[in-house]
Amino acid sequence: MEKSKNNQNKISAGLLAVYLFVLTWIILFKMQFSFQDLHHFTDFRGINLTPFAGSVIVNNQIDFNEIILNVLAFIPFGIYISMVKSNWSFLKKIVPIAGVSLLFEVLQFIFAIGGSDITDLMGNTLGGVIGVGVYIVFCKLFSTKANKILNVLALIGTICIFALVLILKIGVIRYGNYG
């Protein structure tokens, strides 16, 4: 039983690493496959410290799509951190989620690859909180099999993401209207 739990933790840690790699590719590299393609997103450096203002305002209305996407992008982080560090308190699990989100916002500013926005930080952290909540619910529903079930679901999701990236790379589907 202990060996099975250890194997599940290794799988969870590996999937967390893949997830963080993909998240970095999405947020910092804007899903581009080369640095030359990234130039469409560079030379923009801004900071918005007013929640629900700035980049989320489109035509004088809040663009909830961006907020929802930020929340959704970080839900897996909350699940993974809960799987890998199940003995941590709720608050201790949220700190690395908010920290990684803050790091992404700071790096976007430093490298001028997008706006640093407090709304993004809030949405990302909320996503992580939801992910921790999802993990708690899974544990209540599936008890000792929660990590195994979540690892299977995460592995399926990871395969789907890699398939999408491969499809994008070979050009079957084009993402964006850039060059």
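Right, let's walk through the structure included here. (Residues numbered from 1 in each chain as written. Predicted model: local features only at pLDDT ≥ 70, side-chain atom pairs only at ≥ 80, totals over all residues. Heavy atoms only, no water.)

### Section: the overall build of the chain
In step 1: Within the chain one finds five helices and four strands.
In step 2: In the chain, the succession of α and β elements from N to C terminus is α-β-β-β-α-α-β-α-α.
In step 3: Across the 179 residues that make up the chain, the buried fraction comes to 34%.
In step 4: By sequence separation, contacts in the chain at least 24 residues apart represent 70% of the contacts at least 6 residues apart. (Helix = DSSP H or I, 4+ residues; strand = E, 2+ residues; numbered from the N terminus. Buried < 20%, exposed > 50% of the residue type's maximum accessible area, 1.4 Å probe, protein only. Contact = heavy atoms within 4.5 Å.)

### Brief notes about the packing of aromatic side chains
In step 1: What the rule picks out here adds up to four aromatic pairs.
In step 2: With a centroid separation of 6.0 Å and an interplanar angle of 55°, the aromatic rings of tyrosine 19 and phenylalanine 77 are classed as tilted. With a gap of 58 residues between them, tyrosine 19 in helix H1 (residues 2–27) and phenylalanine 77 in helix H2 (residues 64–84) connect regions that are remote in the sequence. Accessibility classification places tyrosine 19 together with phenylalanine 77 in one group, the buried group.
In step 3: With a centroid separation of 5.6 Å and an interplanar angle of 50°, the aromatic rings of tyrosine 19 and tyrosine 80 are classed as tilted. Of the two residues, tyrosine 19 sits in helix H1 while tyrosine 80 sits in helix H2, which places them 61 residues apart along the sequence. Neither tyrosine 19 nor tyrosine 80 differs from the other in exposure class; each is buried.
In step 4: Linked through ring pairs, Tyr19, Phe74, Phe77 and Tyr80 together constitute an aromatic cluster. (Phe/Tyr/Trp six-rings, centres within 6.5 Å; stacked < 30°, edge-to-face > 60°.)

### As for unusual backbone geometry
In step 1: The phi dihedral of alanine 112 is positive, around 55°, even though this residue is not glycine.
In step 2: Residue alanine 112 is classed as buried on the basis of its relative accessible area, which comes to 10%.
In step 3: Non-glycine residue serine 143 carries a positive phi angle of around 50°.

### Structural notes on the nonpolar core
In step 1: In terms of nonpolar packing, the biggest core is built from 24 residues, with Tyr19, Phe74, Phe77, Tyr80 and Ile97 touching the most fellow members.
In step 2: When residues in this core are grouped by element, the largest group, eight residues, is from H2. (Core = buried A, V, L, I, M, F, W, Y, C linked by side-chain atoms within 4.5 Å.)

### A few points about H2
In step 1: In this model H2 runs 31 Å from its N-terminal to its C-terminal C-alpha over 21 residues, within 8% of the 30 Å that 1.5 Å per residue would give.
In step 2: Phenylalanine 74 marks the point of greatest bend in H2, at about 25°, and the proline proline 76 comes within the next four residues.
In step 3: Three or more residues of H2 are buried, namely Ile67, Asn70, Val71, Phe74, Ile75, Phe77, Gly78, Ile79, Tyr80, Ile81, Ser82 and Met83. (Expected span 1.5 Å × (residues − 1). Bend = angle between axes of the 7 residues up to and from the residue.)

### Observations regarding the side chain of glutamate 105
In step 1: You can see glutamate 105 is positioned in helix H3 (residues 90–110).
In step 2: Overall, the relative accessible area of 6% leaves glutamate 105 in the buried class.
In step 3: For glutamate 105, the contacting residues outside a window of four places in its chain are Gly115, Ser116, Asp117, Asp120 and Asn124.

### Some details on the environment of proline 96
In step 1: Within the element layout of this structure, proline 96 appears in helix H3.
In step 2: Ignoring any residue separated from it by four or fewer positions in sequence, one finds proline 96 in contact with Phe77, Ile81 and Trp88.

### Quick notes on helix H4 (residues 118–142)
In step 1: In this model, H4 (25 residues) spans 36 Å end to end at C-alpha, consistent with the 36 Å of a helix rising 1.5 Å per residue.
In step 2: Listing the buried residues of H4 in full gives Thr119, Asp120, Leu121, Gly123, Asn124, Thr125, Gly127, Gly128, Gly131, Val132, Tyr135 and Phe138.
In step 3: Capping the start of H4, aspartate 117 holds a side-chain oxygen 2.8 Å from the backbone nitrogen of threonine 119, two or three residues further along.
In step 4: Immediately beyond the C-terminal end of H4, within one or two residues, lies serine 143, with a positive phi of roughly 50°. (Polar contact = N/O pair within 3.5 Å; in protein donor to acceptor, adjacent residues only side chain to side chain.)

### Re the packing of H1 against H2
When two helices pack together, you describe them by how their axes are tilted relative to each other and by the distance separating the axes.
In step 1: In contact at an axis separation of 9 Å, H1 and H2 are set at 155° when each is read in the N-to-C sense. Put simply, H1 runs roughly antiparallel to H2. Like other packed secondary-structure pairs, H1 and H2 cross with a definite hand, here left-handed. The segment H1 lies against H2, with Asn9, Ser12, Ala13, Leu15, Leu16, Tyr19, Leu20, Leu23 and Ile27 engaging Ala73, Phe74, Pro76, Phe77, Tyr80, Met83 and Val84.
In step 2: Class assignment of the residues belonging to the contact of H1 with H2 gives a composition of 14 nonpolar, two polar and no charged. (Axes fitted to C-alpha atoms, helices over the stretch in contact; angles between N-to-C directions. Parallel < 35°, antiparallel > 145°, perpendicular 65-115°, else oblique. Left-handed = near helix turned anticlockwise from the far one by under 90°. Nonpolar A, V, L, I, M, F, W, Y, C, P; charged D, E, K, R; others polar.)

Any functional reading would require information beyond the geometric quantities listed.
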